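The primary structure of each chain is shown beneath.
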Amino acid sequence: MAAAMVLLFLALGGCTSSSGAPAPDKVRAAVESLGGNPDQLYQELVVFKTVDVKSYDSQLIYLVPSKDGKDFQIVDAHGEIYRDYGDFIRNNRLTG
């Protein structure tokens with residue numbers, strides 16, 4: 001478990017807020033508010049086209065399983081929480 005915590009916090013160190021400053025505290029707080037267990041936290045790299053459509057960018061998102069393990073919620077690199085992928089796609093604040 002300690003190794004998972006270290007990996008989680010190292011990964012969170014790369015998160016940025018909309019101002020470009022690191023936002024690991026917001027991500028950590030969001031994960032904890034959902035009852036996230038670092039041993040059951042999944043990461044996905046989301047790749048997207050920038051607004052100018054001339055390049056691609058990426059952002060790590062974190063999938064936090066529900067307590068019953070049947071569902072999950074998403075926490076993005078800004079510490080925002082989404083109900084599912086549909087909610088994330090409609091309401092994210094991807095930069096670029």
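Overview of the structure. (Residues numbered from 1 in each chain as written. Predicted model: local features only at pLDDT ≥ 70, side-chain atom pairs only at ≥ 80, totals over all residues. Heavy atoms only, no water.)

Okay, the overall build of the protein chain next. Along its length, the protein chain carries 3 helices and 4 strands. Moving toward the C terminus, one meets the helices and strands of the protein chain in the order α-α-β-β-β-β-α. Buried positions account for 33% of the 96 residues belonging to the protein chain. In the protein chain, of all internal contacts separated by at least 6 residues, the share reaching a separation of at least 24 is 34%. Per element, the accessible surface of the protein chain, about 6000 Å² overall, is 55% carbon and sulfur. (Helix = DSSP H or I, 4+ residues; strand = E, 2+ residues; numbered from the N terminus. Buried < 20%, exposed > 50% of the residue type's maximum accessible area, 1.4 Å probe, protein only. Contact = heavy atoms within 4.5 Å. Areas by Shrake-Rupley, 256 points an atom, 1.4 Å probe, with all protein chains shown as cover.)

In this structure, Val27, Ala30, Val31, Leu34, Leu41, Tyr62, Val64 and Val75 together form the largest nonpolar core, which totals 8 residues. Those elements that provide at least two residues to this core are α2 (24–33) and β2 (56–65). With 3 residues, the top contributor of residues to this core is α2. Those residues in contact with Val64 that lie beyond four places of it in its chain are Val31, Leu34, Gly36, Leu41, Asp71, Phe72, Gln73 and Val75. Ranked by size, the runner-up nonpolar core spans 6 residues in total, among them Val46, Ile61, Leu63 and Phe88. (Core = buried A, V, L, I, M, F, W, Y, C linked by side-chain atoms within 4.5 Å.)

Here we come to a nonpolar patch on the surface. Taken together, the side chains of Leu45, Val47 and Tyr56 define a hydrophobic patch exposed on the protein surface, amounting to about 370 Å² of accessible area. Tracing the backbone through its elements, the reader meets Leu45 in strand β1 (residues 42–49). Take Leu45: its relative accessible area is 57%, and that puts it in the exposed class. (Patch = residues over 30% accessible without salt bridge, like charges linked within 9 Å, V, L, I, M, F, W, Y side chains within 5 Å. Salt bridge = Lys/Arg side-chain N within 4 Å of Asp/Glu carboxyl O.)

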